[in-house]
Amino acid sequence: MAAVTAFLVADGGADGPRPLTTDEANRLAITRFRNYQAQGRAMTITVPGTASGLTVTGSVDYRRKVGYGVVHGTGRDKSSDGLIQWTPTSVRVRPMTDAPAHAPASPPRSGWYDRPLLSSGSALDTSLSIALGLGGDRPDNAELLPQNGAAWWGREQVDGRRVDVMTGPSSPDRSGTAGNVRYWIGSDGTMYRVRVSVDSQPEPVVIDFDTHAYVPVEPVPGTTPAR
């Protein structure tokens, strides 16, 4: 999440910040591991833009580090509409003039274009990288989270679920970044929403989980996803 730089403004209903309790630190520590344990999660990614944004509706397989979904432009800009599959290093897109609401379970066999996933300069690619990074094969260190600036901000509801709103710690390689990532976490550590600010964008990336049924990610024909 190297592109994360700006501070997120507190959402309505927040009561903090205050230091995390032991229970809250433990839940924040396991929230990415919960995604990994689940194999994958369905999500909707709202990508900001200076004129109009994009929405990616799809799924991420956190064991294989691959995502797949459908892109829709917001407003009048539909030039980016189509299917998309991505890994930590590559993006495959299949433009469509009339993209469906949800990507087909099996990707089409033709019409795909390859390109590298950009590490900077693209709000879409940054958003895709963030989505892949929300799963980890082990819990974080719960004791270090409060020491590095993670905090509790309040309680809200997401789709009828009662959640705690917490901000993450500073990045290990970038001091002073505590609070740049905000998590909506359930009582068992399940992640339901994440908001992250990105360079040069007026609004944060928003990732909402479980917005539709999870569909296991199948590779685009002729490719081998990174493991």
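Being a predicted model, the structure only gives us computed values, none of them experimental. (Residues numbered from 1 in each chain as written. Predicted model: local features only at pLDDT ≥ 70, side-chain atom pairs only at ≥ 80, totals over all residues. Heavy atoms only, no water.)

**Notes on the environment of Gly-111**
Turning to its location among the elements, Gly-111 is positioned in the loop between strand 6 (90-95) and strand 7 (113-116). Accessibility expressed as a relative area gives 38% for Gly-111, which makes it partly exposed. Once the C-alpha coordinates of Gly-111 and Pro-95 are considered, the two residues, 16 residues apart in sequence, prove to be 7.8 Å apart. For Gly-111, the contacting residues outside a window of four places in its chain are Val-93, Arg-94 and Pro-95. (Helix = DSSP H or I, 4+ residues; strand = E, 2+ residues; numbered from the N terminus. Buried < 20%, exposed > 50% of the residue type's maximum accessible area, 1.4 Å probe, protein only. Contact = heavy atoms within 4.5 Å.)

**A look at helix 2 (residues 123-132)**
In an α-helix, one turn spans 3.6 residues, which is why side chains three or four residues apart end up on the same side. Among the ten residues in helix 2, nine count as buried, and that is most of the element. Regarding helix 2, the residues found buried are Ala-123, Leu-124, Asp-125, Thr-126, Ser-127, Leu-128, Ile-130, Ala-131 and Leu-132.

**Some points on the side chain of Glu-156**
Assignment of secondary structure puts Glu-156 in strand 8 (residues 151-158). Of the side chains bearing the opposite charge, Arg-193 lies closest to the buried Glu-156, which forms no salt bridge; the N-O distance is 5.0 Å. A distance of 2.9 Å separates a polar atom in the side chain of Glu-156 from a polar atom in the side chain of Trp-184. (Lys, Arg positive; Asp, Glu negative; His and termini not counted. Salt bridge = Lys/Arg side-chain N within 4 Å of Asp/Glu carboxyl O. Polar contact = N/O pair within 3.5 Å; in protein donor to acceptor, adjacent residues only side chain to side chain.)

**Some details on the nonpolar core**
The biggest cluster of nonpolar side chains holds 38 residues, and the ones touching the most others in it are Ile-45, Trp-86 and Ile-207. Contributions of two or more residues to this core are made by helix 1 (22-37), strand 2 (40-47), strand 3 (54-61), strand 5 (82-86), helix 2, strand 10 (181-185), strand 11 (191-196) and strand 12 (205-209). For this core, the element with the highest residue contribution is helix 2, accounting for six residues. Apart from the residues lying within four places of it in its own chain, the contact partners of Ile-45 are Leu-54, Thr-55, Val-56, Trp-86, Ser-127, Ala-131, Val-205, Val-206 and Ile-207. One finds Val-66, Tyr-68, Leu-83 and Trp-112 within the second-largest nonpolar core, a separate group that totals eight residues. (Core = buried A, V, L, I, M, F, W, Y, C linked by side-chain atoms within 4.5 Å.)

**Some thoughts on the packing of aromatic side chains**
Applying the stated criterion to the full structure yields one aromatic pair. For the pair Phe-33 and Tyr-36, a centre-to-centre distance of 6.4 Å together with 15° between the ring planes defines the contact as stacked. Separated by three residues within a single helix, Phe-33 and Tyr-36 lie in helix 1, roughly one turn from each other. Judged by its relative accessible area of 24%, Tyr-36 falls in the partly exposed class. One residue, Arg-63, lies across the ring of Tyr-36, its end atom 4.6 Å from the ring centre. Arg-193 extends its terminal NZ or CZ atom over the ring of Trp-184, reaching a point 5.7 Å from the ring centre. (Phe/Tyr/Trp six-rings, centres within 6.5 Å; stacked < 30°, edge-to-face > 60°. Lys NZ or Arg CZ within 6 Å of the ring centre and 35° of its normal.)

**Brief notes about helix 1**
Between its first and last C-alpha, helix 1 extends 22 Å over 16 residues, near the 22 Å set by a 1.5 Å rise per residue. The largest bend in helix 1 is about 40°, located at Thr-31. Where helix 1 is concerned, the buried positions are Glu-24, Ala-25, Arg-27, Leu-28, Ala-29, Thr-31, Phe-33 and Asn-35. (Expected span 1.5 Å × (residues − 1). Bend = angle between axes of the 7 residues up to and from the residue.)

**A look at the pairing of strand 2**
Along a regular strand, successive side chains alternate from one face of the sheet to the other. Within strand 2, seven of the eight residues are buried, which leaves it mostly tucked inside the rest of the structure. Here strand 2 runs beside strand 3; their pairing, made up of eight bridges, is antiparallel. Following the sheet pairing, Ala-42 is matched in strand 3 by Ser-59. Bridge analysis of strand 2 against strand 12 gives four bridges, and the strand direction is antiparallel. By the bridge assignment for strand 12, Thr-46 is matched with Val-206. (Pairing = 2+ DSSP bridges.)

**Comments concerning unusual backbone geometry**
Of note, the phi angle at Lys-65 is positive, near 55°, even though the residue is not glycine. Relative to the elements of secondary structure, Lys-65 occurs in the loop between strand 3 and strand 4 (66-73). Among the residues examined, Lys-65 registers a relative accessible area of 26% and is labelled partly exposed. The phi torsion at Asp-159 lies on the positive side, around 50°, for a residue other than glycine. Residue position: Asp-159 is located in the loop between strand 8 and strand 9 (161-167). Among the residues examined, Asp-159 registers a relative accessible area of 61% and is labelled exposed.

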